[in-house]
Amino acid sequence: MQGTVATFDAATRSGTVLLDDGSELAFPAAAFDASGLRLLRLGQRVRIERDGTGHVNRVTLPTFD
């Protein structure tokens, strides 16, 4: 699934994404750390990966695998 970065705190490495359906989804630092990214900016498109329970386990750029 994809969405747009709504908030990102570089100090805590966590934030929220506004999904295409209008709902907001929080992601933890571990999901950001799993991406290998160094920074996210507000309004940036991202791809969200979730596990079977719905927990966000990775936030990446749509062009990255």
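Residues numbered from 1 in each chain as written. Predicted model: local features only at pLDDT ≥ 70, side-chain atom pairs only at ≥ 80, totals over all residues. Heavy atoms only, no water.

Visitor: A description of the nonpolar core should follow, citing residues and the corresponding values.
Guide: In terms of nonpolar packing, the biggest core is built from 15 residues, with F27, L40, V46, I48, V56 and V59 touching the most fellow members. Elements represented by at least two residues in this core include exactly β1 (2–9), β2 (14–19), β3 (24–27), α1 (29–33), β4 (45–50) and β5 (56–60). Setting aside its immediate chain neighbours within four residues, L40 contacts V5, F8, F27, F32, V46 and V59. (Core = buried A, V, L, I, M, F, W, Y, C linked by side-chain atoms within 4.5 Å. Buried < 20%, exposed > 50% of the residue type's maximum accessible area, 1.4 Å probe, protein only. Helix = DSSP H or I, 4+ residues; strand = E, 2+ residues; numbered from the N terminus. Contact = heavy atoms within 4.5 Å.)

Visitor: Give a detailed account of the pairing of β2, specifying residues and quantitative values.
Guide: Sheet analysis places β1 next to β2, joined by six bridges and oriented antiparallel. Opposite D9, over in β2, you have S14 as the bridge partner. The hairpin turn running from β1 into β2, its antiparallel successor, is four residues long, and R13 in that turn takes a positive phi close to 60 degrees. In the sheet, β2 pairs with β3 via four bridges, with the strands oriented antiparallel. Its bridge partner lying in β3, T16 is registered against A26. Linking two consecutive strands that pair antiparallel, namely β2 and β3, is a turn of four residues; a positive phi of about 95 degrees is found at G22 within it. (Pairing = 2+ DSSP bridges.)

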